[in-house]
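# Chain and residue survey
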Amino acid sequence: MVLLPSMTSLLLVFLFLYGVSPVISDGSDHRYKVGDDVPLYANKVGPFHNPSETYRYFDLPFCSSAPVKEKKEALGEVLNGDRLVSAPYKLEFLGEKNSEVACRKRLSREDVAKFRDVIAKDYYFQMYYDDLPIWGFLGKVVKEGKTDPSEYKYYLFNHLQFEIFYNKDRVIEIIVRTDQNFLVDLTEDKEVQVDFTYTVRWKETEIPFEKRMEKYSLASSMPHHLEIHWFSIINSCVTVLLLTGFLATILMRVLKNDFVKYAHDEEAVDDQEETGWKLIHGDVFRFPKHKSLLAAALGSGTQLFTLAVFIFMLALVGVFYPYNRGALFTALVVIYALTSGIAGYTAASFYCQLEGTNWVRNVILTGSLFCGPLLITFSFLNTVAIAYQATAALPFGTIVVIFLIWALVTSPLLILGGIAGKNRKSEFQAPCRTTKYPREIPPMRCVWGHRIYTIYSILSIVFLILVIVTAFITVALTYFQLAAEDHEWWWRSLLCGGSTGLFIYAYCLYYYYARSDMSGFMQTSFFFGYMACICYGFFLMLGTIGFRASLLFVRHIYRSIKCE
């Protein structure tokens, strides 16, 4: 009981050190006087339909009136692909401007071709003004009813209109618009002189500073509002809960009938042949094959489940307020590192309960079961990002930091957890004695049976329902397996619970081809690569939940009957 408060305190310290504040705040005072420079940073550009494919702002031939300065970023910001640099626009506090020239540049034919190519791909830009995100498109394509792309007209937006709202000495909101009256024709391959201009207007508002992020809570990273279909959510929750209740009721009634039947059989002739799940009471707790791998999967799944719980707790208390750059990635790295001890302890203790002897190899397997595939996937995708010169490519320094976290925090805690689990000295609690020779299993018949989500409360409810449904469905399938006199339920319960991860990945295939407009090798590899890691994590986490629920169920039913 002492472990949880100490871990929570350590977690908050690590989050603070890595730049994640556990309160709804931007981490600074944000108070300005008239004429003060308010920081405006240009972040990145990229195709609208490929959210993973982003590039540095000045990878495109924009101009700047002063030397470009890079902003020092936290670990989570780098993992998120943020690369903030000083923008060419100067927005002093309460300083209004009208068609001010930010900078001038003569675009070469290569620059024109580059801008024309990104405009055709619907490129957008992202900036941050006083930590408030803003977006806009770089240009537009005018087709005028023509079908031949060579006849299209390509225009670059060279004028931005900034509308800024303030409350006393603080910036509350900023809106950027592109002026359709200021266009630069880039259709022809020729040099063009471009003046990048901007207009600034300030307006007073009554919105307090503490609520300035609320407008982003129901919006995604692009101008698409998140629609919440409350009726559908409530209907889904009620339906799932009713189905779970019906399943529990039916299963308990069937078990009750089984208990009555077996009790009646015990009072009848002693040599009467047993049937059903009672018949295999001498085999149901026979330790499975590949018990080291099973224990490692349970340890990794328990760690990922703990990680998910902590993430939801932090989200519900407001740590991940909208567009807190990199906060989620920082929390994932830090919490995963701090919970590695849970994986080591769970895996080693369960492995020793199954009479395993090589606990060191088991701990090593536990540490690499999830991190190994993740490392291979990251190495490939990071190489792709480097080849594309995208912001998703992690700098060498960031990779070194992650390696040090793994070497100095994750690995020691994993080993300490494994030592604690090995020294637990607890035996596997089996209510029935296992026979010397296993029974033959009868043959079985086959049975068929860009948006950022910020509504964390709804997401938590859905996650809780997912856990409950996984547990109940796995228990039901385990009962059917035992009733068919198949005592090898260990691995199957884990696979049944984890099969949801396969369904999620199958839906990713459908989403990519039927619902999204993503394209290109980089976006495709990033989408399927990292979704494979996420679905694999779901497989381990939900498989652990299914196995734990089945283990409790099997112990309960065999404890309720007389076993010789």
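Residues numbered from 1 in each chain as written. Predicted model: local features only at pLDDT ≥ 70, side-chain atom pairs only at ≥ 80, totals over all residues. Heavy atoms only, no water.

Under an unreviewed UniProt entry, the name given to the protein chain is Transmembrane 9 superfamily member, and the source organism is Arabidopsis thaliana.

## Observations concerning the overall build of the protein chain
How we decide: Starting at the N terminus, helices and strands are each numbered in turn, a helix being any DSSP run of H or I of at least four residues and a strand any DSSP run of E of at least two. Partly exposed describes any residue whose relative accessible area lies between the buried limit of under 20% and the exposed limit of over 50%, with all areas from a 1.4 Å probe on protein chains only and scaled to the type maximum. Only the protein chains shown count as covering a residue, and every accessible area follows the Shrake-Rupley method with a 1.4 Å probe.
Across its full length, the protein chain carries twelve helices and twelve strands. Burial status across the protein chain gives 47% buried among its 564 residues. Just so you have it, the protein chain exposes about 29600 Å², and 62% of that area is on carbon and sulfur atoms.

## Description of the sheet that holds strand β7 (residues 139-142)
In any sheet, the strands associate via hydrogen bonds between backbone groups, in a parallel or an antiparallel arrangement. Definition in use: Note: two strands are recorded as paired if DSSP finds a minimum of 2 bridges between them. To get an axis, a line is fitted to the C-alpha atoms, and for a helix only the part in contact is used. The angle between two axes follows their N-to-C directions and goes from 0 to 180 degrees. Contacts: residue pairs with any heavy atoms within 4.5 Å of one another.
One open sheet accounts for three strands, arranged β7-β8-β11; its pairing is antiparallel. Of all strands in the sheet, those with a lone pairing partner are β7 and β11 (183-185), marking the two edges. The average angle at which neighbouring strand axes cross in this sheet is 30°, direction not considered. Both strand β8 (residues 153-157) and β11 contribute to a ladder of three bridges, which runs antiparallel. By the bridge assignment, Leu 156 is partnered in β11 with Val 184. Taken strand by strand, helix α3 (residues 109-120) contacts β7 and β8, and its axis lies near 100° from that of β8.

## A look at the UniProt feature "transmembrane region" (unreviewed entry) in the protein chain
Rules: UniProt positions are given in the numbering used here, feature names are shortened, and annotations may be inferred rather than shown by experiment.
When the UniProt feature table is mapped to this numbering, "transmembrane region" (unreviewed entry) covers residues 230-252, 293-321, 327-351, 363-388, 394-416, 453-477, 489-513 and 525-547. Here residues 394-416 runs as 91% helix and 0% strand, with 30 Å between its end C-alpha atoms.

## Some thoughts on helix α5 (residues 291-316)
So the rule is basically this: For a helix, the expected span equals 1.5 Å multiplied by the number of residues minus one.
Along its 26 residues, α5 runs 37 Å from first to last C-alpha, staying within 8% of the 38 Å computed at 1.5 Å per residue. Trailing α5 by a residue or two, Gly 318 shows a phi angle of about 95°, which is positive.

## Considerations on the packing of aromatic side chains
Which entries qualify depends on this criterion: In this scheme Phe, Tyr and Trp rings, the latter by its six-membered ring, pair at centre separations within 6.5 Å, and the angle between planes marks the pair as stacked below 30 degrees, edge-to-face above 60, and tilted otherwise. By definition here, charges over rings are those cases where NZ of Lys or CZ of Arg is within 6 Å of the ring centre and within 35 degrees of the ring normal.
Taken as a whole, this structure holds 34 aromatic pairs when the rule is applied. Taken together, a centroid distance of 6.5 Å and an interplanar angle of 10° make the contact between Tyr 55 and Tyr 123 stacked. With Tyr 55 in strand β2 (residues 55-56) and Tyr 123 in strand β5 (residues 123-129), this pair connects stretches of sequence that are 68 residues apart. Here Tyr 55 matches Tyr 123 in class, with each residue buried. A ring pair is formed by Trp 489 and Phe 547, whose centres lie 5.7 Å apart and whose planes are at 15°; its orientation type is stacked. Taken together, the positions of Trp 489 in the loop between α10 (456-483) and α11 (490-515) and Phe 547 in helix α12 (residues 521-559) put the pair 58 residues apart, joining distant regions of the chain. Here the two residues Trp 489 and Phe 547 agree in accessibility, since each one is buried. A network of ring pairs unites the aromatic residues Tyr 505, Tyr 507, Tyr 510, Tyr 511, Tyr 512, Tyr 513, Phe 527 and Phe 528 as a single cluster. Its end group placed over the ring of Phe 209, Arg 170 keeps NZ or CZ at 4.1 Å from the ring centre.

## Topic: empty space enclosed by the protein
Cut-off, in case you're wondering: Points on a 1 Å grid over protein atoms alone make up a cavity when a 1.4 Å probe fits among them but cannot get out, and a pocket when they form an open set with protein on both sides within 12 Å along at least five of seven lines; lining residues each have an atom within 4 Å of a point. Grid points are joined across faces, edges and corners, and a volume is the space filled by probe spheres set on the points. Residues were grouped as follows: Ala, Val, Leu, Ile, Met, Phe, Trp, Tyr, Cys and Pro as nonpolar; Asp, Glu, Lys and Arg as charged; and all remaining residues, including Gly, as polar.
The computed volume of the largest cavity comes to approximately 90 Å³. The wall of the largest cavity is formed by Tyr 57, Phe 62, Tyr 89, Phe 125, Met 127, Phe 137, Leu 138, Leu 156, Phe 157, Asn 158, Leu 160 and Phe 196. If you list the elements that add at least two residues to the lining of the largest cavity, you get β5 and β8. Of the residues that constitute the lining of the largest cavity, the class distribution is eleven nonpolar, one polar and no charged.

## Side note on the state of the cysteines
The condition is simple: Throughout, disulfides are identified as pairs of cysteine sulfur atoms within 2.5 Å of each other.
Under the definition given, this model contains one disulfide. For Cys 63, the disulfide goes to Cys 103, at an S-S distance of 1.9 Å. Between Cys 63 and Cys 103, the S-S dihedral sits near 75°, and the bridge is therefore right-handed. Taken together, the residues Cys 63 in the loop between β2 and α2 (75-79) and Cys 103 in strand β4 (residues 97-107) connect sequence positions 40 residues apart.

## Comments concerning the packing of α5 against α11
Our working rule: Less than a right angle of anticlockwise turn of the near helix away from the far helix marks a crossing as left-handed, whereas a clockwise turn marks it as right-handed.
Relative orientation of the contacting elements α5 and α11 amounts to 35°, with a least axis distance of 11 Å. By crossing handedness, the relation of α5 to α11 is classed as left-handed. Facing α5, whose interface residues are Leu 293, Leu 294, Ala 297 and Leu 298, α11 presents Trp 490, Trp 491 and Leu 494. Broken down by class, the residue content of the contact of α5 with α11 amounts to seven nonpolar, no polar and no charged.

## Some thoughts on the pairing of β5
Moving residue by residue along a regular strand, the side chains alternate between the two faces of the sheet. Where burial is concerned, most of β5 is hidden: seven out of the seven residues are buried. Neither face of β5 is left uncovered, since the one carrying Tyr 123, Phe 125, Met 127 and Tyr 129 and the one carrying Tyr 124, Gln 126 and Tyr 128 both have all their residues buried. Examined bridge by bridge, strand β1 (residues 40-47) and β5 share seven bridges and lie antiparallel to one another. The partner of Val 45 across the bridge, within β5, is Phe 125. Where β5 meets strand β6 (residues 132-137), six bridges bridge the pair, whose relative direction is antiparallel. Paired with Met 127 across the strands is Ile 134, a residue of β6.

## Quick notes on the sheet that holds strand β10 (residues 170-178)
Strand order across the open sheet formed by four strands is β4-β12-β9-β10, with mixed pairing between neighbours. Edge positions in the sheet fall to β4 and β10, since each has one partner strand and no second. Averaged over all neighbouring strand pairs, the angle between strand axes comes to 20°, with direction disregarded. Across eight bridges, the pairing between strand β9 (residues 159-167) and β10 is antiparallel. In the strand pairing of β10, Phe 165 is matched with Glu 173. Seen against the sheet, α3 touches β4 and β12 (192-204) and runs at an angle of roughly 120° to β4.

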